[in-house]
Amino acid sequence: MTYNPFATHEQYTREELSKLRSDAQVLELGTGEGSSPLMYEFCKNNPDATVQAFETDATWFNMMYQKFGDLPNYIFNHIETWDDLTNHISEESYDFTFVDQAPWMARIESIDLLKEKCDLFILHDYDYFNHNHHEWIKNPCNDIYINDKTSWLGQKYMKQFKMEDHYDILPPTLVMRKK
């Protein structure tokens, strides 16, 4: 098996998709070679489910759409900026949101936008947000891979979500389940 640092989330994403209902509503924020094949497979096996994929990079969007855009329930959306996501959130709730977009802070803004509408998030590369060199870090955390009360992500989301840190393969993947 070849190591792909852009797809270290795959086993967790695949596992969470396998637990969803056959009519699940899913968001993919940031398309890619790791997440899009999994979303495609999920849609193909669950024709009553819907995955709304969003991407801001037009070149990347076109490439992913060419590879995976042939299913009616896997819907690709090109948006200019992640601020435009608010104009496309149409469901009352989502079963799962995969978060792996650029720029970095768009990931936090998207989780904040959706945290009342979604019970499950996967955040790829989460350690970025716990690094001590960021201006939002007031006190250094004990370990950037552990989301506890000393980490920025832990302080921000621990009250609302059970956070499962997966850092055995880097970059790490965070599974966030609503309590």
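Below or above, wherever it landed, is the structure these notes cover. All of these numbers come straight from a predicted model, not from anything done at the bench.

## Re the sheet that holds strand β7 (residues 173-178)
Spatially, the seven strands line up as an open sheet ordered β3-β2-β1-β4-β5-β7-β6, and their pairing is mixed. Only two strands of the sheet have a single partner each, and these edge strands are β3 (74-78) and β6 (161-166). In this sheet, adjacent strand axes meet at a mean angle of 15 degrees when their direction is disregarded. Inspection of the sheet shows strand β1 (residues 25-29) paired to strand β2 (residues 50-55) by five bridges, in the parallel sense. Looking across to β2, one finds that E28 is bridged to A53.

## Notes on the nonpolar core
If you look at the biggest cluster of nonpolar residues, it comprises 27 residues, and the most contacted ones within it are L29, F121, L123, L153, Y157 and M176. Of the residues forming this core, the biggest block, four residues, is contributed by helix α4 (residues 104-114).

## Quick notes on the pairing of β2
Of all six residues in β2, six are buried, a share of seventy percent or more. Of the two faces of β2, the one lined by T50, Q52 and F54 and the one lined by V51, A53 and E55 are each fully buried.

## A word on helix α3 (residues 58-68)
Turning to α3, its buried residues number three or more, namely F61, M64 and F68. In a view along the axis of α3, the buried residues occupy a sector of 75 degrees, so they form one face of it. Summarising the geometry of α3, the exposed residues directed more than 90 degrees from the buried face are T59 and Q66. Elements in contact with the buried residues of α3: α2 (35-45), β2 and β3. A side-chain oxygen of the first residue of α3 lies 3.1 Å from the backbone nitrogen of T59; this N-cap is D57.

## A short note on the pattern of salt bridges
One pass over the structure, following the stated rule, counts 13 salt bridges. For R21, the salt bridge identified is with D23, shortest N-O distance 2.8 Å. Residue E33 pairs with K67 through a salt bridge whose shortest N-O separation is 2.5 Å. Remark: K67 occurs in helix α3 and E33 occurs in the loop between β1 and α2; sequence separation between them is 34 residues. The class of E33 is partly exposed, set by a relative accessible area of 34%. Its relative accessible area of 45% is what places K67 among the partly exposed residues.

## Thoughts on unusual backbone geometry
Here the residue pair A102 and P103 is connected by a cis peptide bond, since its omega of 5 degrees sits within 30 degrees of zero. Within the fold, P103 resides in the loop between β4 (96-99) and α4. Of note, the amide linkage connecting L170 to P171 takes the cis form, showing an omega dihedral of 0 degrees. By the secondary structure assignment, P171 is in the loop between β6 and β7.

## Points about the side chain of N130
Note that N130 resides in the loop between β5 (120-124) and α5 (152-157). Judged by relative accessible area, which is 0%, N130 ranks as buried. Apart from residues lying up to four places away in sequence, N130 is in contact with I137, C141, I144, N147, S151, W152 and L153.

Cut-offs and rules
- Residues numbered from 1 in each chain as written.
- Predicted model: local features only at pLDDT ≥ 70, side-chain atom pairs only at ≥ 80, totals over all residues.
- Heavy atoms only, no water.
- Pairing = 2+ DSSP bridges.
- Helix = DSSP H or I, 4+ residues; strand = E, 2+ residues; numbered from the N terminus.
- Axes fitted to C-alpha atoms, helices over the stretch in contact; angles between N-to-C directions.
- Core = buried A, V, L, I, M, F, W, Y, C linked by side-chain atoms within 4.5 Å.
- Buried < 20%, exposed > 50% of the residue type's maximum accessible area, 1.4 Å probe, protein only.
- Arc of directions from axis to C-beta.
- Contact = heavy atoms within 4.5 Å.
- Polar contact = N/O pair within 3.5 Å; in protein donor to acceptor, adjacent residues only side chain to side chain.
- Salt bridge = Lys/Arg side-chain N within 4 Å of Asp/Glu carboxyl O.

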